[in-house]
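# Overview (structure and organization)
Residues per chain are reported as follows:
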Amino acid sequence: MPASNEHDGDRRVAIVTAAAGAGIGAAIARRLAADGYDVVITDAHERRCDAFAGQLAEEHGREFLSMPLDVTDFDAVGTVTDAVVARRGRIDALVNNAGWSKIEPVAEMAPETWRRCLDVDLNGTFYAMRRVLPHMIAQGAGAVVNISSIAAWEMTTEHGAAYSAAKAGILALTRVAAAENGRHGIRVNAVAPGLIYNDFLRRIYPDEFFDGYAESRSLVGRVGQPQDIADLVSFLISDRAGYITGEVYGISGGVAPNA
């Protein structure tokens, strides 16, 4: 285990939201577990959450907490946060990965679609930060990484207005939180992925969206993988990124650079 991931002889504790699926969250949890973090697996799907925590325990020979969590429930987020502190004594890192999307044109969008997307993507990110930051302030250290998207700045119909608006809000939330909490030893950054493949995207986008993507759009000749995001998150919450806060890191294979 890297020395930078230990503090006073204890493993650093990282909470990852929506960590038990087949995409970015699970890849982040696996990477942080390999880095030596005591990863807390949270997900809206309780059985999947428990199963994934069990897999990590088998792979690493140590226990990983598994806690079902609906990030849109502020009280539930508080209950999970308090339970982590009670059982582990600390929270060193928070990765806000939970997200939801349904593509509907603005002129046809159901209000329920708008509310659900902002509730999961933006409110859920705020709720987790609101609950975790006081604990980080009390301990005088911490790192937060919020998963946004290139949808935050792209002008396109590919993502949908609700998702784009929510992900843009995450960037503003990240920057203000970084400004407020740097004096407490807390860093807050965001990662904005482009197309990161997982099977769930096939339910959202038509096949033609994927056809030729690597050849015609990606500058590195491939579609992004969840591990690409996990590697960047691993760096951003580590001591190696100790002088980095308030930043947004696009990771899209050059499809949508943000300068």
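Model, not experiment: these values are computed from the prediction.

## Some remarks on the pattern of salt bridges
Evaluation of the coordinates by the stated rule reveals 16 salt bridges. Salt-bridge contacts for Arg48 lead to Asp43; the nearest nitrogen and oxygen are separated by 3.2 Å. In this structure, the salt-bridge partner of Arg87 is Glu63, at a minimum N-O distance of 3.6 Å. You can see Arg87 sitting in helix H3 (residues 74-88) and its partner Glu63 sitting in the loop between helix H2 (46-60) and strand S5 (66-68), a full 24 residues away along the chain. Overall, the relative accessible area of 52% leaves Arg87 in the exposed class. Overall, the relative accessible area of 47% leaves Glu63 in the partly exposed class. Here the salt bridges do not stand alone but share partners, grouping Asp38, Glu63, Arg87 and Arg88 into one network.

## Looking at the nonpolar core
Residues Ile28, Leu32, Val39, Ile41 and Val233 are the most contacted members of the largest nonpolar core, which totals 34 residues. If you tally residues by element for this core, the top one is helix H1 (residues 24-35), at seven residues. Setting aside its immediate chain neighbours within four residues, Ile28 contacts Val16, Val95, Ile147, Ile229, Ala230 and Val233. Residues Met67, Leu69, Tyr127 and Val132 belong to the second largest nonpolar core, which totals 25 residues.

## A look at H2
In this model H2 runs 21 Å from its N-terminal to its C-terminal C-alpha over 15 residues, within 8% of the 21 Å that 1.5 Å per residue would give. For H2, the set of buried residues is Cys49, Phe52, Ala53 and Leu56. Mapping the buried residues of H2 onto a view down its axis gives an arc of 100°, with all of them on the same face. Exposed residues on H2 whose side chains face more than 90 degrees from its buried face are Arg47 and Glu58. Against the buried residues of H2 lie H1, strand S4 (38-43) and S5.

What counts, and where the lines are drawn
Residues numbered from 1 in each chain as written. Predicted model: local features only at pLDDT ≥ 70, side-chain atom pairs only at ≥ 80, totals over all residues. Heavy atoms only, no water. Salt bridge = Lys/Arg side-chain N within 4 Å of Asp/Glu carboxyl O. Helix = DSSP H or I, 4+ residues; strand = E, 2+ residues; numbered from the N terminus. Buried < 20%, exposed > 50% of the residue type's maximum accessible area, 1.4 Å probe, protein only. Core = buried A, V, L, I, M, F, W, Y, C linked by side-chain atoms within 4.5 Å. Contact = heavy atoms within 4.5 Å. Expected span 1.5 Å × (residues − 1). Arc of directions from axis to C-beta.

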